[in-house]
Amino acid sequence: MKAIRKFTVRTVVPEALAALDELAGNLRWSWHEPTRQLFEHISPELWREIGTDPVALLGAVDPARLVALAADHDYVSWVNSIRDGLRSYLQEPRWYQGLEGDKPESIAYFSPEFGIAAALPQYSGGLGILAGDHLKSASDLGVPLIGVGLFYRAGYFSQAISPDGWQIESYPLLDPDGLPLSVLRRADGSAVQVSLALPDNRTLHARVWQANVGRIRLLMLDTDIPENTDDLRLVTDRLYGGGGEHRLLQELLLGIGGARAVKVWSALNNRPEPEVFHTNEGHAGFLGLERISSLIGDGLSFAEALQVARAGTVFTTHTPVAAGIDRFERSLVRRYFETDLLPGVGVDELLALGAENYPGGSPDVFNMALMGLRLGQRANGVSKLHGEVSRRMFKGLWPGFDAEDVPIDSITNGVHAPTWTDPSLLHLAEDRLGTSDTSEADWASPAITDDDLWSVRGTMRLQFVEDARRRIAAAWLVQNPGGIVPGWIGQVFDPKVLTIGFARRVPTYKRLTLMLHDPERLRALLLHPEHPIQIVIAGKSHPADEEGKRLIQKVVQFAADPELRTRIAFLPDYNIGMAQLMYPGTDVWLNNPLRPLEACGTSGMKAALNGALNLSILDGWWPEYYDGKNGWAIPSADAAGDSAERDRIEADALYELIEHHVAPRFYDRNADGVPERWVASIRHTLATLSPELNAGRMVRQYVQKLYRPAGAAEARLSANNYRAARELAVWKGRIVAKWPGVSVAHVESGGVAAVPKVGDELHLRAHVQLNGLDPADVTVEVVYGKSLANDELSGVHTLALEAVVDPDAADGSDTPEQGGATLFTGTVALDRGGAFGYTVRVVPKNDLLVSSAEMGLIAVAG
Ligand SMILES: *Cc1c(COP(=O)(O)O)cnc(C)c1O
């Protein structure tokens, strides 16, 4: 029998324990170990069974237990002291409050998914977990962020595996009343609704859920309400569910609806509206259009409004994989915007923002990443390497510029240490080093002995092995209902054996099955008589990705071999709960993507924070942090002839490393059974990587490099009724109109001898045709460096040339003209020997531009 309707009856918590409700209502419990212990104490078995979720625990616990605890003075005062701790955490000044100078009072952070806790499954993978970690760290640092997302009724799917190894998806519905969420309401109690005009005079309505993530409010829009027609109720049915139009509706709701929801929330809470809008990947990009529409409502033109919206928008790109970028049919986008959806915004101006108008682009698509770059004056990738890759990938938007000039910066991702560090390691740090802040702990200190570290690693490995067995037994029962769990499942994994972890989404580039390249070789490593390894694998394939499902099947079938099944296993339904035990429980975290397709990768960071060593291709974050002592680099065969060849070479390198380096070191023990060299690497990993990989470092960089400058730029453009924005729009219009006539007419040089030598000075005189622009509108610069065989310059430097002012010029202009050209001069010191080359270029100059490449306009000599 199926229920036609479901709801959650909340338990009435005894008065003396009212603080439990307050604590359960703020998701800080998901990373605050003392709060978790408080709830666990109510019923340790239930706590684990229910997936460490306070709201569910309070709903399921026997009320008599709560009555008994209410009479327990010690417990009541424990509860109250933790509650007081939460209240001061929410109010006390933190890092951001101590920053000197201008800083935004409110920053909106938009993301299609948020992975905050296992109890709130609103994420599919890395992007969502990162967004969750961003909010949590912003909370810890006191950054005034507000999160904006969607509430998906079924979240992402749950994964089961059929007996023949095929992924089976199911979509359990979430009941928001059973989650730590509340509906956003007005003072009179009525629920706030956000509405979007749709084609054919239809309207999409959404209510707004709010979650408290420490100090941060997260707003989540939900269309499953009676005001919508049945089809529109399904807009937020699931994460990344449908294609084309369904996806477009979700993104319209996220961007436009989300911006409207923030506005209402700010007004209801007497908070200023955000000055800075951060879009985590392109999916939320329509928010910029909503802001433009609203500024047009204030009397600005489209071009003027665009300047303001751009200044305050930060865009983070997360993927170098084309399939990871949303592209909609242009005609579909047109149909949705030829409505009252965005008053004042012309459809053609809007479509131009997503146009792929460069060689190789498609005229029929609307590209969300390009709109993100055009609507965000500041953009970044998520590791140094990904920054480089993105600059190359999006170079077409800045024609004429070298990839290095493309205005996309990078901030390397981080992970929220309190969420991802195992409590046993936290306790060790607290106990011996006096801090639970692992990024500040002095891991090199002798206060922690090798024995301590090794024994805590053993505890974490054992705890994971037990969890894995439980999961495998549960999965077996799903496949064999009513059966008796076979004995071998109790033998899966050995808590003493070198444990390698590999878990991630299963797109092809992550190469789930690289380790299976030579099955016999892998088998030998698993069954090695002295140095055996064991491997745990997990990951979900996108439901539409048949290839990904085939990869999972290959792994499951390999692992079904009776000889191997206690050494290698696939754990179904990878999620936060599993991950929190898996990262600490593995000795080595394996990552073997096709370089450079992994933008950053964060699972290896989470493993490192627990003292696991990384074994990875030099992709994503690893080339930045691999130092020879914190793990191993799998060499990548970028130059291999074809992908099969490449897989073979890289798989061989992986086997070699495991066989000759990783396993021997793990089993190289001293008299006490401690692998000293291995423990030294653990210590080194914790000491050097904890400060770097934690999301606090990342969020501080976002604040300093992006949010503050964006806030300042937005304020400057908006002051005095948007005076600077209006001027900037006029100025840009003039530059764009005149630019086709701007050129470097002629460059003369002097000062160097026939055979130039180090110490000589190169005097340059560049005659530039400005086509009526003022010398102050442009930078004329010499670009110089080492000249390579193909005339390309490397190790490039630039030096701005000065316009020559001639007070005697008769025609009233203040520069000497030569055939209508303006003279710019400067001197380059030749301070290095070798092949030298230079050129001269002209780019627009305005101190409201972040980069001189920003407008994509350039004129180069020759
Ligand atoms: C960290 C994490 C991811 C992302 O891992 P990558 O290394 O970035 O692929 C995905 N899923 C879960 C549950 C995670 O915790």
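The name given to the protein in an unreviewed UniProt entry is glycogen phosphorylase, with Cryobacterium zhongshanensis as the source organism. The Function (unreviewed entry) field of the UniProt record for the protein holds the comment "Phosphorylase is an important allosteric enzyme in carbohydrate metabolism. Enzymes from different sources differ in their regulatory mechanisms and in their natural substrates. However, all known phosphorylases share catalytic and structural properties." The Sequence similarities (unreviewed entry) field of the UniProt record for the protein holds the comment "Belongs to the glycogen phosphorylase family."

Turning our attention to the site of the ligand. Among the 15 residues in the neighbourhood of the ligand, the closest are listed as Lys510, Tyr583, Thr602, Ser603 and Lys606. In the environment of the ligand, an oxygen atom lies 2.5 Å from a nitrogen or oxygen atom belonging to the side chain of Ser603. Between the ligand and the protein, one listed contact pairs an oxygen atom with a side-chain N or O atom of Lys606 at 2.5 Å. In isolation the ligand has 380 Å² of accessible area, and contact with the protein removes 95% of it. Looking at the shell around the ligand, the elements with two or more residues in it are α7 (126-141), α21 (576-585) and α22 (603-608). Take the shell around the ligand: its biggest share by element is three residues, from α21. Its residues assigned to classes, the shell around the ligand shows six nonpolar, six polar and three charged.

Each neighbour pair has its own omega, and for Arg595 with Pro596 the value is 0°, a cis peptide bond. One can find Pro596 in the loop between β20 (588-591) and α22. Positive phi outside glycine occurs at Phe493, with the angle close to 65°. Note on placement: Phe493 falls in the loop between α18 (450-479) and β17 (498-503).

Taken domain by domain, the protein comprises domain 1 (15-91), domain 2 (105-413 + 701-719), domain 3 (432-691) and domain 4 (742-860). Just the C-alpha atoms count here: the centres of domain 1 and domain 4 sit 68 Å apart.

Now for the sheet that holds strand β25 (residues 778-787). If you trace the four strands from one edge of the open sheet to the other, you get β26-β25-β30-β31, paired in antiparallel fashion. The open sheet has two edge strands, β26 (793-800) and β31 (859-860), and neither has a second partner.

Right, let's talk about the environment of Gly312 for a bit. Mapped onto the elements, Gly312 comes out in the loop between α11 (302-311) and β12 (313-316). Measuring from C-alpha to C-alpha, the distance between Gly312 and Ile107 comes to 9.5 Å, with 205 residues separating the pair along the chain. If sequence neighbours within four positions are ignored, Gly312 has contacts with Glu275, Val276, Phe277, Arg291, Ala710 and Glu714.

Now for the pattern of salt bridges. Applying the stated criterion across every chain, the model contains 52 salt bridges. Among the salt bridges present, the one from Arg153 reaches Asp224, with a minimum N-O distance of 3.1 Å. Highlighted residues: Arg153 in the loop between β4 (145-150) and β5 (158-161) and Asp224 in the loop between β10 (216-222) and α8 (230-233), separated in sequence by 71 residues. The buried category is assigned to Arg153, whose relative accessible area is 16%. Taking the relative accessible area as the measure of exposure, Asp224 reaches 21% and is therefore partly exposed. Of the charged contacts, one joins Lys549 and Glu546 as a salt bridge, the two residues approaching to 4.0 Å between their closest N and O atoms. Separated by three residues within a single helix, Lys549 and Glu546 lie in helix α20 (residues 546-559), roughly one turn from each other. According to the relative accessible area criterion, Lys549 is buried, its value standing at 5%. Overall, the relative accessible area of 40% leaves Glu546 in the partly exposed class. Salt bridges sharing common partners tie together Arg521, Glu645, Arg648, Asp652, Glu656 and Glu659.

As a further point, take the UniProt feature "modified residue: N6-(pyridoxal phosphate)lysine" (unreviewed entry) in the protein. Mapped onto this structure's residue numbering, the UniProt feature "modified residue: N6-(pyridoxal phosphate)lysine" (unreviewed entry) falls at Lys606. Relative to the assigned elements, Lys606 resides in helix α22. Every residue in contact with Lys606, bar those within four places of it in the chain, is listed here: Ile129, Val415, Trp420 and Tyr583.

Grouped together as the largest cluster of nonpolar side chains are 95 residues, with contacts concentrated most on Phe110, Phe286, Leu289, Ile292 and Phe337. Residue contributions to this core reach at least three from each of two domains, namely domain 2 (105-413 + 701-719) and domain 4 (742-860). Apart from residues no more than four positions distant in its own chain, Phe286 is found in contact with Leu248, Glu251, Leu252, Gly255, Ile256, Phe337, Phe366, Met368 and Met371. In terms of nonpolar packing, the next biggest core, distinct from the first, is built from 65 residues, Leu38, Leu58, Phe114 and Leu145 among them.

Strands pair in a sheet through their backbones, by hydrogen bonds, and they do so in one of two ways: parallel or antiparallel. The sheet built from six strands is open, its strands ordered β19-β18-β17-β20-β21-β22 with parallel pairing. Of all the strands in the sheet, just β19 (568-571) and β22 (631-634) have a single pairing partner and so form its edges. Going across the sheet, the axis of each strand differs from the next one's by a mean of 20°, ignoring polarity. Alignment of β17 against strand β18 (residues 533-538), held across six bridges, turns out to be parallel.

Next up on the list: the pairing of β12. Alternating residues of β12 divide into Thr313 and Phe315 and Val314 and Thr316, and every residue in both groups is buried. Two strands pair when backbone bridges link them, and strand β11 (residues 276-280) and β12 are joined in this way by four bridges, in the parallel orientation. Paired with Thr279 across the strands is Phe315, a residue of β12.

Turning our attention to the UniProt feature "domain: DUF3417" (unreviewed entry) in the protein. Mapped onto the present numbering, the UniProt feature "domain: DUF3417" (unreviewed entry) falls at residues 13-120. Annotation note: span residues 13-120, helix share 53%, strand share 6%, distance between end C-alpha atoms 22 Å.

Rules used in this analysis
- Residues numbered from 1 in each chain as written.
- Predicted model: local features only at pLDDT ≥ 70, side-chain atom pairs only at ≥ 80, totals over all residues.
- Heavy atoms only, no water.
- UniProt positions renumbered as here; feature names shortened; annotations may be inferred.
- Near = heavy atom within 4 Å.
- Polar contact = N/O pair within 3.5 Å; in protein donor to acceptor, adjacent residues only side chain to side chain.
- Areas by Shrake-Rupley, 256 points an atom, 1.4 Å probe, with all protein chains shown as cover.
- Helix = DSSP H or I, 4+ residues; strand = E, 2+ residues; numbered from the N terminus.
- Nonpolar A, V, L, I, M, F, W, Y, C, P; charged D, E, K, R; others polar.
- Domains from an automatic or database assignment.
- Pairing = 2+ DSSP bridges.
- Contact = heavy atoms within 4.5 Å.
- Salt bridge = Lys/Arg side-chain N within 4 Å of Asp/Glu carboxyl O.
- Buried < 20%, exposed > 50% of the residue type's maximum accessible area, 1.4 Å probe, protein only.
- Core = buried A, V, L, I, M, F, W, Y, C linked by side-chain atoms within 4.5 Å.
- Axes fitted to C-alpha atoms, helices over the stretch in contact; angles between N-to-C directions.

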